[in-house]
Amino acid sequence: KKDMQQKLRCPIICILGHVDTGKTLILDKLRRTNVQAGEAGGITQQIGATYFPEAALKEHQEKCKGRLDIELQIPGYQIIDTPGHESFTNLRSRGSNLCDIAILVVDIMHGLEKQTLESLQLLLNKKTPFVVALNKIDRIYEWKSKEYNNVRDSLEVQEHHAIGEFKERLNKTILEFAEQGLNSALYWENPNPQEYISLIPTSAITGEGLPDLMMYISQLCQTVHREKLREKEEFECSVLEVKVIEGLGTTIDVILVNGLLSVGDTIVLSGFNGPIVTNIRALLTPQPMREMRVKGEYMHHQSIHGSMGIKISANGLENAIAGSELFRAANEEEVIHYKEQIADDLVDIMDKYVDKTSSGVCVQASTLGSLEALLEFLKQMKIPVTAINIGPVHKKDVLKAMKSIAGDIVEKEYATILAFDVKVTPEAQQFADDNGIKIFTAQIIYHLFDSFEEYVKKCRD
Ligand code: GDP
Ligand code: MG
């Protein structure tokens with residue numbers, strides 16, 4: 001009983017999946033429900049995350065009556081906005097993932113696509129719990145829609161042939177998951193959510209299945225993932241984005257998961273040129289939804305409690321690395337401690353993935369999280385790595401790539417820099433061209449592999 005009384009924090013939810021499966025539209029449709037619900041506990045568009053307060057879940061709860069009755073104990077949701085898997089790989093906290101639970105969106109008309117598999121791999125690697133939104137059910141031939149309907153109610157009113165098509169597509173997806181060695185089932189038929197992936201049919205156009213999605217996640221959070229969501233005093237915060245804002249200079253958008261941040265606090269975070277130590281000048285959040293039209297106006301706070309998306313203004317943030325963990329230091333000793341810990345982070349990654357004794361490719365990425373994800377994929381594909389870096393590709397990085405192949409007779413394909421989501425300076429590109437170093441760039445990890453694989457094939461022919 002005492003267990004039930006302990007306070008739970010908002011779960012942090014990420015949405016990921018293949019492009020065009022409906023990630024953005026699902027979020028939009030979820031936001032819109034609350035416009036009708038009035039202003040009590042309105043959904044606020046926060047920095048990097050959308051906050052859905054408990055009040056915004058009530059409507060979904062109504063729609064699930066008699067199907068999925070639960071008593072809400074979580075105070076709401078924080079859904080990370082930045083769509084796609086980039087955001088997901090960017091989120092890093094205590095070496096693990098900051099996301100409590102993920103929604104993997106699959107287009108029911110297409111089944112598992114390439115980026116779905118990539119997202120799936122990330123989730124499994126990081127042991128992040130997830131549910132699958134089997135989206136676009138409204139595209140089933142002669143589907144009869146009802147706005148924001150519980151999907152089981154919707155299924156009951158469909159004609160025989162629509163049910164047939166639904167089942168056929170559902171089974172195809174289940175089979176595709178099985179090919180990945182994974183069990184999956186419709187959430188209401190799931191015999192064990194820790195062994196089977198739950199599939200929740202949805203439509204981001206009609207809103208069908210969204211109540212199911214919201215309530216089923218609540219249920220999982222309050223049962224199997226309860227421990228993780230206990231409110232703790234322990235400080236936990238992660239940098240989502242680094243942004244230049246007119247009048248504020250370089251700011252960072254963070255998600256404060258647990259604990260308290262106040263103006264004047266000393267914070268320690270990762271920077272491209274080593275750890276950054278600075279003091280918080282301002283803690284900002286956007287105005288509540290109604291006043292969002294007043295562009296560029298932020299609310300100032302003296303202190304903020306997690307979990308919450310916050311913009312931090314402070315000196316010296318120009319070189320901050322998105323995706324890194326942010327620490328609050330109470331004294332000089334803690335500053336030293338956290339600086340060491342940050343330095344260790346990169347060393348840990350080096351030790352795990354980089355082999356300096358052999359030849360291999362150079363890898364460069366925009367964030368710690370994406371660097372790690374990229375290295376994990378290279379490891380699985382048995383492509384050796386000799387050097388890593390975070391940030392834009394400069395001439396010195398090309399030099400490093402040259403050094404890593406100098407002297408030895410090595411495979412041509414290793415005279416390569418794989419650059420993920422970073423810029424290449426014109427000098428660096430010119431220098432690379434002059435010296436036979438190939439630089440591959442991409443915004444999506446698998447595109448990087450595709451072009452590299454093709455190149456390797458060409459080299460070996
Ligand atoms: P994202 O790339 O995953 O964020 O996908 P979007 O949310 O941008 O959606 C991609 C396209 O699919 C858009 O044209 C949407 O209108 C459409 N779409 C998304 N969800 C649904 C859905 O549930 N049903 C239908 N019919 N179309 C959808
Ligand atoms: Mg999108």
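As the structure is a prediction and not an experimental result, all values here were calculated from the model.

## Topic: the overall build of the chain
What the chain contains, in helices and strands, is 13 helices and 21 strands. Across the 461 residues of the chain, 43% fall into the buried class. Counting contacts in the chain only where the partners sit at least 6 residues apart, residues at least 24 apart contribute 72% of the total.

## Points about the site of ligand 1
The immediate surroundings of ligand 1 are formed by 15 residues, with Gly-22, Lys-23, Thr-24, Leu-25 and Ala-204 found nearest. With three residues, helix α2 (residues 23-37) is the single largest residue contributor to the shell around ligand 1. Counted by class, the shell around ligand 1 contains five nonpolar, five polar and five charged residues.

## Examining helix α10 (residues 368-380)
With 13 residues, α10 should cover 18 Å at 1.5 Å per step; its first-to-last C-alpha distance of 19 Å lies within 8% of that length. Inspection of α10 places Leu-368, Gly-369, Ser-370, Leu-371, Glu-372, Ala-373, Leu-374, Leu-375 and Leu-378 among the buried residues, and these make up the whole buried set. In the segment just after α10, Lys-382 is the residue with positive phi, at about 60°.

## Description of the confidence of the model for the chain
Mean pLDDT over the chain: 84, with 88% of residues reaching 70 or higher. Low pLDDT (under 50) marks residues 83-96, which in the prediction has 49 contacts with non-local residues, meaning those over four places away or in another chain. Throughout residues 289-294 the model reports pLDDT below 50, and contacts reaching past four residues in sequence, or to other chains, amount to nine contacts. For this predicted complex, the interface confidence reaches an ipTM of 0.99, while the overall pTM sits at 0.77.

## Structural notes on the sheet that holds strand β20 (residues 416-420)
Taken in spatial order, the four strands make up an open sheet running β19-β18-β20-β21, and their pairing is parallel. Two strands bound the open sheet, and with one partner strand each, they are β19 (385-390) and β21 (438-442). Adjacent strand axes in the sheet meet at a mean angle of 15° when their direction is disregarded. Against the sheet, helix α11 (residues 395-403) touches β18 (361-365), β19 and β20, its axis set at about 155° to β18.

## Focus on the environment of Ala-55
Mapped onto the secondary structure, Ala-55 falls in helix α3 (residues 54-63). Residue classification places Ala-55 among the partly exposed residues on the basis of 17 C-beta atoms within 10 Å.

## Topic: the packing of α3 against helix α8 (residues 210-222)
Each packed pair of helices is defined by two parameters, the angle between the axes and the distance between the axes. Close contact between α3 and α8 brings their axes to 8 Å; oriented N to C, the two are set at 105°. By the angle between their axes, α3 is roughly perpendicular relative to α8. Contacts from Leu-57, His-60, Gln-61 and Lys-63 in α3 reach Leu-210, Pro-211, Met-214, Met-215 and Ser-218 in α8. Residue composition of the contact of α3 with α8, grouped by class: five nonpolar, three polar and one charged.

## Some thoughts on the environment of Cys-362
Within the secondary structure, Cys-362 sits in strand β18. The exposure class of Cys-362 is buried, given the 27 C-beta atoms found within 10 Å. Once the C-alpha coordinates of Cys-362 and Ala-387 are considered, the two residues, 25 residues apart in sequence, prove to be 4.8 Å apart.

## Considerations on the pairing of strand β1 (residues 12-17)
Among the six residues of β1, six are classified as buried, and the element is accordingly described as predominantly covered. What you see with β1 is no split at all: Ile-12, Cys-14 and Leu-16 on one side and Ile-13, Ile-15 and Gly-17 on the other are buried throughout. Relative to strand β4 (residues 76-80), β1 runs parallel, the two sharing three bridges. For Ile-12, the partnering residue across the bridge sits in β4 and is Gln-78. As paired elements, β1 and strand β5 (residues 101-107) share five bridges and run parallel to each other. Paired with Ile-15 across the strands is Ile-103, a residue of β5.

## Points about helix α7 (residues 160-179)
The end-to-end C-alpha distance of α7 is 29 Å, a good match for the 28 Å that 20 residues give at a rise of 1.5 Å each. Here α7 has its buried residues at Phe-166, Arg-169, Thr-173, Ile-174 and Phe-177. Within α7, the buried residues cover an arc of 140° as seen down the axis, which keeps them to one side. Looking at α7, the residues exposed on the side facing more than 90 degrees away from the buried face are His-160, His-161, Lys-167, Glu-168, Asn-171, Leu-175, Ala-178 and Glu-179. Where α7 is buried, its residues contact β5, β6 (130-135), β7 (183-186) and β8 (196-201). Phi turns positive one or two residues past the end of α7, at Gly-181, with a value near 80°.

## Things to note about the environment of Leu-134
Within the secondary structure, Leu-134 sits in strand β6. Judged by the 28 C-beta atoms lying within 10 Å of it, Leu-134 falls in the buried class. For the pair formed by Leu-134 and Leu-199, sequence separation is 65 residues and the distance between their alpha carbons is 6.3 Å.

## Some details on the nonpolar core
Ranked by size, the top nonpolar core spans 116 residues in total, and within it Ile-13, Ala-102, Ile-103, Leu-104, Val-254 and Val-363 carry the most contacts. Here this core takes eight residues from α8, the largest share from any one element. Setting aside residues up to four positions removed in sequence, Val-363 forms contacts with Leu-371, Leu-374, Leu-375, Leu-378, Val-385, Ile-388 and Leu-418.

## Quick notes on unusual backbone geometry
The phi dihedral of Lys-136 is positive, around 75°, even though this residue is not glycine. Owing to 24 C-beta atoms within 10 Å, Lys-136 belongs among the buried residues under this scheme. The backbone of Asp-421 sits at a positive phi, close to 60°, despite the residue not being glycine. Along the chain, Asp-421 falls in the loop between β20 and α12 (426-434). On the neighbour-count criterion, Asp-421 (21 C-beta atoms within 10 Å) is buried.

Rules used throughout
- Residues numbered from 1 in each chain as written.
- Chains lettered and ligands numbered in written order.
- Predicted model: local features only at pLDDT ≥ 70, side-chain atom pairs only at ≥ 80, totals over all residues.
- Helix = DSSP H or I, 4+ residues; strand = E, 2+ residues; numbered from the N terminus.
- Buried ≥ 20, exposed ≤ 12 C-beta atoms within 10 Å, placed from the backbone.
- Contact = placed C-beta atoms within 7 Å.
- Near = placed C-beta within 6 Å.
- Nonpolar A, V, L, I, M, F, W, Y, C, P; charged D, E, K, R; others polar.
- Expected span 1.5 Å × (residues − 1).
- pLDDT = per-residue confidence, 0-100.
- Pairing = 2+ DSSP bridges.
- Axes fitted to C-alpha atoms, helices over the stretch in contact; angles between N-to-C directions.
- Parallel < 35°, antiparallel > 145°, perpendicular 65-115°, else oblique.
- Arc of directions from axis to C-beta.
- Core = buried A, V, L, I, M, F, W, Y, C linked by C-beta atoms within 7 Å.

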